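Survey of secondary and tertiary structure
Here is how the chains run, residue by residue.
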Amino acid sequence: MTIILAISILLGGLFLYSRFKNKEAEVKYPPKGEFITVEGIRLHYLSRGKGKKTVVFLHGAMLSANDYEPLLDRAAQQGYHALAFDRPGYGYSERPLHEAVTPQVQARLIHKALVKLGIEKTIVVGHSWSGVLALTYALSYPEQVTGIVILGGAMYKEGYPAEKGDPIAALIQTPVIGFFLLHFLLRSPLGTKLTDLMLEATFAPDPVPSDYRALTHALWLRPSQFKANREDVLAFPPAAAHISVRYPEIKQPIAMVVGEQDPFGATAQAQRLQQTLPQAKLVMIPQGGHMIPHHYPEQVLDAIHWVSQSYTDLISR
């Protein structure tokens, strides 16, 4: 009985600690942008500038629209209307509960949000996981996309780190075990340590900014966001296998920016897409890593300028 009581107290303490840290995180890092509701789903987004050309930034599998905040300001200063969405389930955006949240579903929600905001055409920028999302968006709404920029992007099932599944994601989706991991262990020292290891691997060879580490500990370790992330990891391989056969249909200018030391196979993915799309431009960053939006903003802006000018040249022929 004493052992059972001790275990119960320990688990209860872990559960209450997790809830406390989740609430504390949202107080410390409140939403900075605006909200728009589509299909009953509330999406959070950041918006900068009032330029005639719109750029929509889609973050990867880690955090939120905050990944692009410095880039939004730079893009606005250079004459663009720059927006970044928290993808469904990340940051402060809600996630649909009654359907599988595939890249196609996320593209649909973001498209409806842009229509509601009165935005007719846009350049789409996708980082990491959102490489497949940017391409899915362009194929789903070709008349609304004037160019595509992919940063260290994942676009094909083959070579994706979770091509054959993900054990953590599988555990998260297991009844009882998943709840235990999300609500008891995620905020534990073990969860924090694993998060730090993942951050260092994701940023390597570049350093992890201290503010990004703190923000990840605060928001990414919330059960809802971590679960959304693991669902996206599992959704990627079948979605990429389905949509990649249509990549040759893409006609818009496309630029890909990849770090030479990207640890997630982004170079091979970009080279494969370049072979499929002759209009694609590939920019390699010497000694660069995966977190391009943070460490290489000028290369991102150069890629945006290039696709913008290429689209202008294309329609003027």
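Just above, that's the structure.
Residues numbered from 1 in each chain as written. Predicted model: local features only at pLDDT ≥ 70, side-chain atom pairs only at ≥ 80, totals over all residues. Heavy atoms only, no water.

A look at helix α4 (residues 130-140)
- α4 sits mainly inside the fold: 10 of its 11 residues count as buried.
- All of the buried residues in α4 are Ser-130, Gly-131, Val-132, Leu-133, Ala-134, Leu-135, Thr-136, Tyr-137, Ala-138 and Leu-139. (Buried < 20%, exposed > 50% of the residue type's maximum accessible area, 1.4 Å probe, protein only. Helix = DSSP H or I, 4+ residues; strand = E, 2+ residues; numbered from the N terminus.)

Details of helix α2 (residues 69-77)
- Of the positions making up α2, those classed as buried are Glu-69, Leu-71, Leu-72 and Ala-75. One side of α2 holds all its buried residues, which, seen down the axis, span an arc of 155°. Summarising the geometry of α2, the exposed residues directed more than 90 degrees from the buried face are Pro-70 and Gln-77.
- Directly after α2, the chain includes Gly-79, whose backbone phi takes a positive value near 100°. (Arc of directions from axis to C-beta.)

Brief notes about the packing of aromatic side chains
- One pass over the full model with this rule turns up seven aromatic pairs.
- With a centroid separation of 5.5 Å and 35° between ring planes, the pair formed by Tyr-45 and Phe-85 is classed as tilted. On the criterion of sequence distance, the pair formed by Tyr-45 in strand β2 (residues 41-48) and Phe-85 in strand β4 (residues 80-85) is long-range, its members being 40 residues apart.
- With centroids separated by 4.9 Å and ring planes inclined at 70°, the aromatic side chains of Trp-220 and Phe-226 adopt a geometry described as edge-to-face. Here Trp-220 and Phe-226 have matching classes, each one buried.
- For Arg-87, the ring lying beneath its charged end belongs to Tyr-90, and the centroid distance is 4.5 Å.
- We note Arg-230 situated over the ring of Phe-226; from NZ or CZ to the ring centre the distance is 5.7 Å. (Phe/Tyr/Trp six-rings, centres within 6.5 Å; stacked < 30°, edge-to-face > 60°. Lys NZ or Arg CZ within 6 Å of the ring centre and 35° of its normal.)

Thoughts on the sheet that holds β2
- An order of β1-β2-β4-β3-β5-β6-β7-β8 is seen for the eight strands of this open sheet, with the pairing classed as mixed. What marks the edges here is a single partner per strand, and that holds for β1 (34-38) and β8 (280-285). Taken over all neighbouring pairs, the strand axes of this sheet differ in orientation by 25° on average, direction set aside.
- Direction of pairing for β2 relative to β4: antiparallel, over a ladder of four bridges. The partner of Arg-48 across the bridge, within β4, is Ala-82. (Pairing = 2+ DSSP bridges. Axes fitted to C-alpha atoms, helices over the stretch in contact; angles between N-to-C directions.)

Thoughts on the pattern of salt bridges
- Counted under the stated rule, the structure contains 17 salt bridges.
- Note that Arg-213 is salt-bridged to Glu-200, the shortest N-O span being 3.7 Å. Linking Arg-213 in helix α8 (residues 210-220) with Glu-200 in helix α7 (residues 189-203), this pair joins segments that are 13 residues apart in sequence.
- Owing to a relative accessible area of 39%, Glu-200 belongs among the partly exposed residues under this scheme.
- One salt-bridge network, held together by shared partners, links Arg-87, Arg-95, Lys-227, Glu-231 and Asp-232. (Salt bridge = Lys/Arg side-chain N within 4 Å of Asp/Glu carboxyl O.)

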